[in-house]
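Structural characterization, general
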Amino acid sequence: MLKLRHSTTSPFVRKVVVTAIETGQDQEIERVKTVTSDPALGADNPLQKIPAMTLEDGTKLIDSKVICEYLCQRKGGTLIPSGPSRRPVLARQALCDGILEAAILRRYESQRPDTLRSIEWDAKQKLKVDQSLAALEREASGFGDTVDLGTLTAAIMLDYLDFRFDHENWRGKHLNLAKWHKAFSQRPSLKSTLPHD
């Protein structure tokens with residue numbers, strides 16, 4: 001059985017879990033709830049990050065992109081297509097991962113004591129999020145009902161913004177993205193894995 005170090009708030013862990021569900025492998029994965037401060041995590045990921053996956057032969061995989069690609073190769077499917085359609089899927093995943101990284105940095109900054117918070121740092125990260133959402137907004141009308149690692153990561157990213165930054169109302173500025181997300185987020189793999197504390 002595969003072992004996945006996970007949390008219920010990490011969008012990167014959620015991407016792995018959603019990929020496992022979409023490829024029919026969820027029941028083959030033991031989930032081990034983990035906080036990144038747990039010293040035992042270092043044995044599975046020396047970067048002290050989640051997700052981290054241990055394969056049946058003891059091999060360790062780190063980073064959600066690597067783990068998702070492994071799961072897709074393990075069972076086949078079309079979440080990461082081959083040929084010319086592969087690049088746009090991976091590019092969309094990378095853009096959405098970048099939004100998530102900036103959003104998580106903003107979250108960390110918001111938890112620092114008031115006297116140590118940097119308005120400038122937060123503004124730089126928010127700019128990355130805003131510019132990237134605008135780029136996705138220009139593409140969103142073409143997403144349709146396509147299910148791949150790019151669109152799944154987009155939905156997971158938008159759910160994370162709802163989870164941590166709901167007061168910023170990304171939908172108000174991104175109507176195409178909001179319309180697409182409303183329909184796409186009804187997928188069982190997404191509904192059953194919504195982030196929670």
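This report concerns the structure included in the present document. (Residues numbered from 1 in each chain as written. Predicted model: local features only at pLDDT ≥ 70, side-chain atom pairs only at ≥ 80, totals over all residues. Heavy atoms only, no water.)

Okay, the packing of helix H3 (residues 86–110) against helix H4 (residues 119–140) next. Across the interface, H3 lies against H4 with an axial gap of 9 Å and an inter-helix angle of 150°. When the interaxial angle is binned, H3 and H4 end up roughly antiparallel. The crossing of H3 and H4 is left-handed. Residues Arg92, Leu95, Cys96, Ile99, Ala102, Ala103, Leu105, Arg106 and Glu109 of H3 pack against Trp121, Asp122, Gln125, Lys126, Lys128, Val129, Ser132, Leu133, Ala135, Leu136 and Glu139 of H4. A class-by-class count of the residues in the contact of H3 with H4 yields eleven nonpolar, two polar and seven charged. (Axes fitted to C-alpha atoms, helices over the stretch in contact; angles between N-to-C directions. Helix = DSSP H or I, 4+ residues; strand = E, 2+ residues; numbered from the N terminus. Parallel < 35°, antiparallel > 145°, perpendicular 65-115°, else oblique. Left-handed = near helix turned anticlockwise from the far one by under 90°. Contact = heavy atoms within 4.5 Å. Nonpolar A, V, L, I, M, F, W, Y, C, P; charged D, E, K, R; others polar.)

On to a nonpolar patch on the surface, then. A grouping of Leu105, Tyr108 and Trp121 is seen on the molecular surface, where their side chains present a nonpolar patch of about 300 Å² in accessible area. Considering the arrangement of structural elements, one finds Tyr108 in helix H3. (Patch = residues over 30% accessible without salt bridge, like charges linked within 9 Å, V, L, I, M, F, W, Y side chains within 5 Å. Areas by Shrake-Rupley, 256 points an atom, 1.4 Å probe, with all protein chains shown as cover. Salt bridge = Lys/Arg side-chain N within 4 Å of Asp/Glu carboxyl O.)

This part covers the packing of helix H1 (residues 11–22) against helix H5 (residues 149–165). Relative orientation of the contacting elements H1 and H5 amounts to 135°, with a least axis distance of 10 Å. Judged on the interaxial angle alone, H5 and H1 are oblique. Handedness of the crossing formed by H1 with H5: right-handed. Here Pro11, Arg14, Lys15, Val18, Thr19 and Glu22 of H1 lie close against H5, whose contacting residues are Leu149, Leu152, Thr153, Ile156, Asp159 and Tyr160. Counted by class, the contact of H1 with H5 contains six nonpolar, two polar and four charged residues.

With that out of the way, let us pick up the nonpolar core. The biggest cluster of nonpolar side chains holds 49 residues, and the ones touching the most others in it are Met53, Leu133, Met157, Leu161 and Leu177. Residue assignment for this core shows that the elements contributing at least two residues are strand S1 (2–6), H1, strand S3 (52–54), helix H2 (64–75), H3, H4, H5 and helix H6 (175–184). With ten residues, H5 is the single largest residue contributor to this core. (Core = buried A, V, L, I, M, F, W, Y, C linked by side-chain atoms within 4.5 Å. Buried < 20%, exposed > 50% of the residue type's maximum accessible area, 1.4 Å probe, protein only.)

Turning to the sheet that holds strand S2 (residues 29–33), a few remarks are in order. With mixed pairing, four strands are arranged side by side in an open sheet as S2-S1-S3-S4. At either margin of the open sheet sits one strand with a lone partner, and together these are S2 and strand S4 (60–62). The mean inter-strand angle of the sheet, taken between neighbouring strand axes irrespective of direction, is 20°. Against the sheet, H1 engages S1, S2 and S3, with an angle of about 145° to S1. Strands S1, S2, S3 and S4 of the sheet are contacted by H2, whose axis makes an angle of about 120° with S4. (Pairing = 2+ DSSP bridges.)

Before going further, it helps to examine the pattern of salt bridges. Applying the stated criterion across every chain, the model contains 21 salt bridges. The salt bridge partner of Glu28 is Arg74, with a shortest N-O separation of 2.9 Å. In this pair, Glu28 is assigned in the loop between H1 and S2 and Arg74 in helix H2, connecting sequence segments 46 residues apart. Among the ionic pairs, Arg106 bridges to Asp122, the shortest N-O distance being 2.8 Å. With a gap of 16 residues between them, Arg106 in helix H3 and Asp122 in helix H4 connect regions that are remote in the sequence. Among the ionic contacts, a cluster of salt bridges with common partners joins Lys3, Arg5, Asp44 and Lys60.

As a general feature of sheets, a regular strand has side chains that alternate between the two faces. Here S1 lies mainly inside the structure; four of its five residues are buried. As judged from the five bridges shared by S1 and S2, these two strands associate in the parallel manner. Bridge assignment links Arg5 to a residue of S2, and that residue is Val32. Note on the crossover from S1 through H1 to S2: the handedness is right-handed. (Right-handed = clockwise from strand over helix to strand, strands pointing away.)

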